[in-house]
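Fold and geometry: a report
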Amino acid sequence: MRSIMSHARALYKVPPASNDHLAAVRVALSVAVPTLVLLAAGHPELTLYAVFGALTGMYGRNESHQLRLKHQAQATAILLAGVSIGTFLSIANIHFWSLVAVEAVFAGAGSLFADKVQLRPNGPFFGILALGTCSAVPVTIPFFEPLLVFAASAAFSMLVGFAGWLRYRTWERGANRDVPAPDRQWRQAAGIHAARYALAVGAAGSAGVLSGLGHLHWAMAAAAVPLAGADMPSRLHRGIHRIVGTFLGLAIVAVVLFPGPLSPLQYFPGHAQVILAVVVIVCQFPTELFMARHYGWAMVFFTPVILLMTQMAAPANPAVLIVERGAETFIGAVIGIAVAVLVQGRRAAPAAATPADAAPDPK
């Protein structure tokens, strides 16, 4: 009973802020500029790739400018891999069981990479999300064009993250992020953790295929969420937060997409893409504002970001979109929690703050 109450309290208890608004402004700016450029150029359907590039800005939030640049370059590698593989699968029209196999392997490999370089946020989640989302969006342009959009957006995001250097202008030759050297114990733990990711993502994808729902990649992404926790309580919290936060976020999506007096689409007929893009930009700020403090609240705003940019790229029935997002998220999160409970082992890269994470943001 005490354990249940602790999980319930974690749903509404928000830790105090720690310069979160600075990181939120960086990420919101990184999303806003590429998105507005694409709107001006008449290509709102490419916003999806720009947003994934902009997510580079979520990494290294409390590091010095020099180390943040290296951290974000490492994050770009896993995001680029996810976008590239997902786009290729879409062009090749590869779905269902083949997608499950590819994404499960990617999740395991991504876990090893994320643990080795100590990515913060933890784990390969955003790479997994990018792969699945891009695989579900039809591509009618050459393969390299979405990748160019992603690369330009990621480069701009890294530039925003490094802009504060203009004030301090310090550069330490040979400076590296504080990442422990791998040893035998680390390799064993990293292998177990990677297997955990592959198992959870593979099982969630299989359940998504068998369920007959059309967005099984959402189940696979949700299954990866609990595994980023440092210990069992935090893994359970993340899984629960994913479900509750997503359901609340779906209410925002419903307000925006369904006809009604609260929908902004009703007041600007003929400008749906512009309105959706503005909502995506606005929601990205609170997403990053709460990402490090309360995962559930972050998901309330991140859910509209993902669904609305998907709707811009490949319009679908809003009712189907919302129902399938809710169902797939629940399936995936439950499977992720189950794998976290059943597959025990010491984490290779605990989520406790490293010296760089604990240091004040120099901006």
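What you see is a predicted model, and the numbers here were worked out from it, not measured in a lab.

Time to look at the environment of Ile-85. Note on placement: Ile-85 falls in helix H4 (residues 65-91). Here Ile-85 falls in the partly exposed class, since its relative accessible area comes to 29%.

Cis rather than trans, the peptide bond between Arg-120 and Pro-121 has omega equal to 10 degrees. You can see Pro-121 is positioned in the loop between helix H5 (97-117) and helix H6 (125-136). One non-glycine residue, Gln-118, lies in the positive phi region at around 60 degrees. Relative to the helices and strands, Gln-118 resides in the loop between H5 and H6.

To continue, consider the confidence of the model for the chain. Considering every residue of the chain, the mean pLDDT works out to 87; 88% of them sit at 70 or more. Every residue in residues 347-363 is under pLDDT 50, and counting partners more than four places away or in other chains gives 48 contacts.

As a further point, take the side chain of Glu-324. Here Glu-324 shows up in helix H14 (residues 318-342). Although Glu-324 lies buried, it forms no salt bridge, and the closest oppositely charged side chain, Arg-325, sits 10 Å away as judged by the N-O distance. Within the local environment of Glu-324, its side chain forms a polar contact with the backbone nitrogen of Gly-214, the two atoms lying 3.1 Å apart. Dropping the residues within four chain positions of it, Glu-324 is found in contact with Leu-213, Gly-214, His-215 and Trp-218.

Take the nonpolar core next. In this structure, Tyr-49, Phe-52, Phe-125, Phe-126 and Phe-302 are the most contacted members of the largest nonpolar core, which totals 90 residues. Beyond its immediate stretch of four places on either side in the chain, Phe-126 contacts Leu-55, Met-58, Tyr-59, Leu-79, Pro-121, Met-291 and Phe-302.

This paragraph deals with the side chain of Ser-90. Inspection of the secondary structure puts Ser-90 in helix H4. Looking at Ser-90, the relative accessible area reads 11%, which means it is buried. When neighbours within four sequence positions are excluded, Ser-90 is seen to be in contact with Cys-134, Ser-135, Val-137, Pro-138 and Val-139.

Taken as a whole and assessed by the stated rule, the structure comprises one salt bridge. A salt bridge links Arg-61 to Glu-288; the shortest N-O distance between them is 3.1 Å. Remark: Glu-288 occurs in helix H12 (residues 272-291) and Arg-61 occurs in the loop between helix H3 (47-54) and H4; sequence separation between them is 227 residues. When sorted by exposure, Arg-61 lands in the same class as Glu-288, which is buried.

Once that is clear, we can look at the packing of helix H2 (residues 20-40) against H12. The geometry of H2 relative to H12 is characterised by a closest axis approach of 7 Å and an angle of 165 degrees between their N-to-C directions. Put simply, H2 runs roughly antiparallel to H12. The element H2 and its partner H12 pack so that their crossing is right-handed. Along its contact with H2, which presents Asp-20, His-21, Ala-23, Ala-24, Val-25, Val-27, Ala-28, Val-31, Ala-32, Thr-35, Leu-36 and Leu-39, the element H12 presents Gln-273, Val-274, Ala-277, Val-280, Ile-281, Gln-284, Phe-285, Glu-288 and Leu-289. Taken together, the residues of the contact of H2 with H12 break down into 15 nonpolar, four polar and two charged.

Here we take up the packing of aromatic side chains. The geometry of an aromatic ring pair comes down to the distance between the two centres and the angle between the two planes. Under the definition given, this model contains five aromatic pairs. Ring centres of Phe-126 and Phe-302 lie 6.0 Å apart, and the angle between their planes is 85 degrees; on these two criteria the pair is classed as edge-to-face. Of this pair, Phe-126 sits in helix H6 while Phe-302 sits in helix H13 (residues 295-313), and the two are 176 residues apart along the sequence. Taken individually, Phe-126 and Phe-302 each receive the classification buried, so the pair is uniform in this respect.

A few words now on H3. With eight of its eight residues buried, H3 lies for the most part within the structure. Buried residues of H3: Thr-47, Leu-48, Tyr-49, Ala-50, Val-51, Phe-52, Gly-53 and Ala-54, and no others. In this structure, the buried side of H3 is in contact with H2, H4, H6, helix H7 (144-162), H12 and H13.

Our focus in this paragraph is the packing of H5 against H6. Close contact between H5 and H6 brings their axes to 10 Å; oriented N to C, the two are set at 160 degrees. One way to sum up the angle between H5 and H6 is to call them roughly antiparallel. When you trace H5 past H6, the crossing you get is right-handed. Across from Leu-99, Val-102, Glu-103, Phe-106 and Ala-107 in H5, the residues of H6 making contact are Gly-127, Ile-128, Leu-131, Gly-132 and Ser-135.

Calculation rules
- Residues numbered from 1 in each chain as written.
- Predicted model: local features only at pLDDT ≥ 70, side-chain atom pairs only at ≥ 80, totals over all residues.
- Heavy atoms only, no water.
- Helix = DSSP H or I, 4+ residues; strand = E, 2+ residues; numbered from the N terminus.
- Buried < 20%, exposed > 50% of the residue type's maximum accessible area, 1.4 Å probe, protein only.
- pLDDT = per-residue confidence, 0-100.
- Contact = heavy atoms within 4.5 Å.
- Lys, Arg positive; Asp, Glu negative; His and termini not counted.
- Salt bridge = Lys/Arg side-chain N within 4 Å of Asp/Glu carboxyl O.
- Polar contact = N/O pair within 3.5 Å; in protein donor to acceptor, adjacent residues only side chain to side chain.
- Core = buried A, V, L, I, M, F, W, Y, C linked by side-chain atoms within 4.5 Å.
- Axes fitted to C-alpha atoms, helices over the stretch in contact; angles between N-to-C directions.
- Parallel < 35°, antiparallel > 145°, perpendicular 65-115°, else oblique.
- Left-handed = near helix turned anticlockwise from the far one by under 90°.
- Nonpolar A, V, L, I, M, F, W, Y, C, P; charged D, E, K, R; others polar.
- Phe/Tyr/Trp six-rings, centres within 6.5 Å; stacked < 30°, edge-to-face > 60°.

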